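The chain contents come next:
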Amino acid sequence: MGDILDGNPQVAAVALQLLVQEVVPTSIRVSHALQTQEKPREFTPTTSSTELSTAVPHDLPGTVDIYDSPLLGSDDVSIRVEKYGFHIGVSLAEVLLFKNNHISHTTTKIGDILDIMKFICRDVWKCVYGKQMDNLRTNHRGTFVLVDNSFKTIRGMNSPKGIQDTIAKAETYLWFPSGLIRGVLSSFGIDATVSTEITQFPAVTFNILTSINN
């Protein structure tokens, strides 16, 4: 494995997105196991993938029945997914700043909260989703609106039940980037509340409320 600072991708973009997409199903399975007081089954050479996935009814390889689980929109799943994003955001901010300074041989200056938001829109988003945010707005009183017109994680989703069901299932995936943003801000010592809205699928708006006037 190469140096994390050498400028070359360490994980294929497709592999990264597949991992991100598995965050929600994995959280549902964990919640189901905890609620039924089942311990995750240990993999052995004689254990098939089908046996591993049957902890949740009808959760079989190659199917999407997991998205019909009543746990999909539960607080337990949402909080777990948001925490995944938060912890990654804290670590990623530190790595990206260090990497930028290493490559440019200068110190990246984050002067105020607007600079931090630009850092999220540019560096963080491009690292995780392969593109920058499409829009950034602020009222200069601690409220920011970040817009991704084609959010990569959900844009391929398509429920046979129609667009409203697609949006309902996609909303759980927005907890991860919300946590990611909150984690990055936390790494700079900023507490924030992040809410999301799917304005026109697959466009997503991230509303960020802080106590900092900029």
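Heads up: these notes are all about the structure in this document. (Residues numbered from 1 in each chain as written. Predicted model: local features only at pLDDT ≥ 70, side-chain atom pairs only at ≥ 80, totals over all residues. Heavy atoms only, no water.)

1. Here's the deal with the nonpolar core
In step 1: The biggest cluster of nonpolar side chains holds 47 residues, and the ones touching the most others in it are Met-117, Ile-120, Trp-125, Leu-146, Ile-181, Leu-185 and Ile-208.
In step 2: At eleven residues, the largest contribution of residues to this core is made by helix α5 (residues 113-129).
In step 3: Those residues in contact with Leu-185 that lie beyond four places of it in its chain are Ile-116, Met-117, Ile-120, Ile-190, Ala-192 and Ile-208. (Core = buried A, V, L, I, M, F, W, Y, C linked by side-chain atoms within 4.5 Å. Buried < 20%, exposed > 50% of the residue type's maximum accessible area, 1.4 Å probe, protein only. Helix = DSSP H or I, 4+ residues; strand = E, 2+ residues; numbered from the N terminus. Contact = heavy atoms within 4.5 Å.)

2. Let's talk about the pairing of strand β2 (residues 143-148)
In step 1: Burial analysis of β2 places five of its six residues in the buried class, which makes it a mostly covered element.
In step 2: Bridge count between strand β1 (residues 135-138) and β2: four bridges; the pairing is antiparallel. Bridging from a neighbouring strand, Thr-138 pairs with Phe-144 of β2.
In step 3: Counted between consecutive antiparallel strands, the loop separating β1 from β2 contains four residues, among which His-140 sits at a positive phi close to 60°.
In step 4: Here β2 pairs with strand β4 (residues 204-210) via six bridges, running antiparallel. (Pairing = 2+ DSSP bridges.)

3. A closer look at the sheet that holds strand β3 (residues 192-198)
In step 1: Pairing in this open sheet of four strands is antiparallel, and the strands run β1-β2-β4-β3 from one edge to the other. Edge strands, defined here as strands with exactly one partner in the open sheet, are β1 and β3. Averaged over all adjacent pairs, the angle separating strand axes in this sheet is 15°, with direction ignored.
In step 2: In terms of strand pairing, β3 meets β4 through seven bridges, oriented antiparallel. Across the sheet, residue Ser-195 finds its bridge partner in β4, namely Asn-207.
In step 3: Across the sheet, helix α7 (residues 175-187) is in contact with β3 and β4; its angle to β3 comes to roughly 155°. (Axes fitted to C-alpha atoms, helices over the stretch in contact; angles between N-to-C directions.)

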